[in-house]
Amino acid sequence: MRQSKEFLVITFSQTTDAMAAELLFRDLCVPGRIIPIPRQLSAGCGLAFRTEMDQKQQAQQALVEAGIRWHEMEPVRLLV
Amino acid sequence: MIYLDNAATTMHKPQTVIDAVVHAMTSMGNASRGAHTGALEASRTIYETRRKIAKLFGCKRPDHVVFTCNSTEALNIAIQGAIPAKSHVITTDLEHNSVLRPLYRLKEESGVCLDFARADRQGRLDLQELEGLIRPDTKAIVCTHMSNLTGEIVDIARIGRMTKDRGILLCVDASQSAGNTPIDMEQMGIDILCFTGHKGLMGPQGTGGMCIREGVEIHPLKEGGSGVQSYRHRQPVEYPTRLEAGTLNGHGLAGLSAALDYILETGVETIGRKERMLAEHFYEGVSQIEGVKVYGCFEDKNRGPVVALNVREYDSSEVSDVLSVDYDIATRPGAHCAPRMHEALGTVDQGAVRFSFSWFNTVEETDQAIEAVRKIALA
Ligand SMILES: Cc1ncc(COP(=O)(O)O)c(C=O)c1O
């Protein structure tokens, strides 16, 4: 079986918010990248931001300060 | 990148399309707004585009070709503008949200009664069942020509024979089939044909439209500038102006015009044959891999160039992500804006990874995609 690993996954209710978060995280050097939304968090389609588990506080604070809405921020095991 | 997401939009366009857009952006005025050289060039280019669309789809009148920014807009105009309140409408499980949502809205806001022709586990419709849904108060059948999820083709001509003598409006979503499957509105009995310019038609995004059969009345969704009859209070009643308030995407339509030249010269059959060959080759490769489940019915060779699958119990999003990051292969995961089809196929939870092929894909690319799926599926 392929290996998997736990990531912190942040979901958004629309793509515009995901794009804003991507820019913000790039500016603040929060590691990670955009992925398709995993089914554990939403059946359907859309984008999410995947980062390392230890980034939770920084990511959350950055989003709040920038006024970017997110939907969920959860640990998810993903294929690597 | 190996681009296999052509059902979402074609990324490789003929060079002539790109050149036409660049040329238009340096020479076009506003169509139907004045008579200087630039404005006339825009008017002429757009009229030529109407003629080519009419030719491609067997629409008798170029002035009944209306341009919109995509098929979603065309479907909204058609569904909201041609279906009377409180009437009965039939649609299918295969539909995209651009059909479903405007219909659900009519149901909620205008008392329209909606019935669905069901898809089986392989995503096929039973047209006899569909015919059985017709009632005396049925006013419209809205149906896709080709499923964006499985590539299933619906026998529109057969539905056209059901609607013709009953005075039922037949509105067809040709978003996936336009450019790869022959369409003849007259022969197929289509009243309104909605298309998008950026998929199989190989044009720029922001182009699309509808072909309207003579005598079909559609109430405009928008009112506004038209460049003609300026002192009238309301939108002119003549097509296409009736449904085209505001400046058209002339630059995009110039590109679509060049794309239509390319398609008409190459031939829809030729393009479709190659795309189907690639999809079939891919299907044959992946369907033999242990742990791969392909959706849809492949016994019928007359199908769209789309193959949707899942690998083991993996989330389709993760598989698509691995394909992108590790193999540089572009596919689409998740739900494909076709919720009822996912219910029929049993893929609501897992979604599906969709591989969709275009005229510009090659057998080598297809082989690489098969190999990537094989590696991902390795236990
Ligand atoms: C079957 C079908 N209908 C409608 C659409 C909507 O096309 P557009 O987004 O260009 O309006 C699509 C494309 O996603 C489709 O696949």
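Read on for an overview of the structure.

Definitions and cut-offs
Residues numbered from 1 in each chain as written. Chains lettered and ligands numbered in written order. Predicted model: local features only at pLDDT ≥ 70, side-chain atom pairs only at ≥ 80, totals over all residues. Heavy atoms only, no water. 1 Å grid on protein atoms, 1.4 Å probe; cavity = no way out; pocket = protein on both sides within 12 Å on 5 of 7 lines; lining within 4 Å. Points joined across faces, edges and corners; volume = space filled by probe spheres on them. Helix = DSSP H or I, 4+ residues; strand = E, 2+ residues; numbered from the N terminus. Pairing = 2+ DSSP bridges. Axes fitted to C-alpha atoms, helices over the stretch in contact; angles between N-to-C directions. Contact = heavy atoms within 4.5 Å. Expected span 1.5 Å × (residues − 1). Polar contact = N/O pair within 3.5 Å; in protein donor to acceptor, adjacent residues only side chain to side chain. Phe/Tyr/Trp six-rings, centres within 6.5 Å; stacked < 30°, edge-to-face > 60°. Buried < 20%, exposed > 50% of the residue type's maximum accessible area, 1.4 Å probe, protein only. Near = heavy atom within 4 Å. Areas by Shrake-Rupley, 256 points an atom, 1.4 Å probe, with all protein chains shown as cover. Nonpolar A, V, L, I, M, F, W, Y, C, P; charged D, E, K, R; others polar. Buried area = accessible area lost by both parts, 1.4 Å probe. Salt bridge = Lys/Arg side-chain N within 4 Å of Asp/Glu carboxyl O.

The space that makes up the largest pocket amounts to roughly 640 Å³. Lining the largest pocket are 31 residues; nearest its centre among them are Pro36(A), Gly46(A), Leu47(A), Thr331(B) and Pro333(B). Sorting the residues of the lining of the largest pocket by element identifies α1 (15-27) and β2 (33-36) of chain A together with α10 (316-327) and β11 (329-330) of chain B as the ones contributing at least two each. Of the volumes computed, that of the second largest pocket is approximately 300 Å³. Forming the walls of the second largest pocket are 18 residues, and the residues nearest its centre are Ser32(B), Arg50(B), Pro240(B), Thr241(B) and Glu244(B).

The next thing to look at is the sheet that holds strand β10 (residues 306-311) of chain B. All names here are of chain B. Spatial ordering of the open sheet is given by β9-β10-β12, a layout of three strands whose pairing is antiparallel. With one partner strand each, in any of the chains shown, β9 (292-295) and β12 (353-356) form the two edges of the open sheet. Each adjacent strand pair in this sheet contributes to an overall mean axis angle of 30°, direction not counted. As paired elements, β10 and β12 share four bridges and run antiparallel to each other. Bridge pairing links Val 307 to Phe 355 in β12. Along the sheet, helix α12 (residues 363-377) contacts β9, β10 and β12; its crossing angle with β10, the most-contacted strand, is approximately 15°.

Right, let's get into helix α1 (residues 15-27) of chain B. A rise of 1.5 Å per residue sets the reference length of α1(B), with its 13 residues, at 18 Å; its end C-alpha atoms lie 18 Å apart and thus fit the reference within 8%. Those residues of α1(B) that are buried are in contact with α8 (250-266) of chain B.

This paragraph deals with the side chain of Gln235(B). Residue and element names in this part refer to chain B. Tracing the chain through its elements places Gln 235 in the loop between β8 (208-212) and α8. Here the side chain of Gln 235 touches Gly 224 through a polar contact of 2.9 Å, landing on its backbone nitrogen. Among the polar contacts made by the side chain of Gln 235, one reaches the main-chain carbonyl oxygen of Thr 241 at a distance of 2.8 Å.

All names here are of chain B. Under the criterion given, the structure shown has seven aromatic pairs over all chains. For the pair Tyr 283 and Phe 298, a centre-to-centre distance of 3.8 Å together with 5° between the ring planes defines the contact as stacked. Note that Tyr 283 is positioned in helix α9 (residues 268-286) and Phe 298 in the loop between β9 and β10, a separation of 15 residues in sequence. Owing to a relative accessible area of 12%, Phe 298 belongs among the buried residues under this scheme. Among the aromatic residues, those joined into a ring-pair cluster are Phe 282, Phe 355 and Phe 357.

Turning next to the sheet that holds strand β6 (residues 169-173) of chain B. Residue and element names in this part refer to chain B. Overall, mixed pairing links the seven strands, which are arranged β2-β8-β7-β6-β5-β3-β4 in an open sheet. Taken across any chain shown, the strands that pair with only one partner, and hence form the sheet edges, are β2 (65-68) and β4 (113-117). Taken pair by pair, the neighbouring strands of this sheet meet at an average axis angle of 20°, ignoring direction. Pairing analysis gives five bridges linking strand β5 (residues 138-144) to β6, with the strands arranged parallel. Its bridge partner lying in β6, Ile 141 is registered against Leu 170. Of the strands in this sheet, β2, β7 (192-196) and β8 are in contact with helix α2 (residues 37-57), which crosses β2 at around 115°. Across the sheet, helix α4 (residues 97-110) is in contact with β3 (88-92), β4, β5 and β6; its angle to β4 comes to roughly 145°.

Residues and elements named next belong to chain B. If you check the shell around the ligand, you find Asn 70, Ser 71, Thr 72, His 96, Ser 98, Asn 148, Asp 173, Ser 175, Gln 176, Thr 196, His 198 and Lys 199 and nothing else. Contact between the ligand and Gln 176: an oxygen atom at 2.7 Å from a side-chain N or O atom of the residue. Computed on the free molecule, the ligand has an accessible area of 390 Å², of which 88% lies beneath the protein chains in the complex. Each residue belonging to the shell around the ligand can be placed in one class, and the counts come to no nonpolar, ten polar and two charged.

The next subject is the interface of chain B and chain A. Facing 19 residues of chain B, the contacting portion of chain A comprises 16 residues. Here chain B and chain A share an interface that buries about 1500 Å² over both sides, 52% of which is from carbon and sulfur atoms. Area buried by chain B at its contact with chain A is led by Tyr314(B), Glu318(B) and Asp321(B), which between them contribute 32% of it. One can count three salt bridges joining chain B with chain A.

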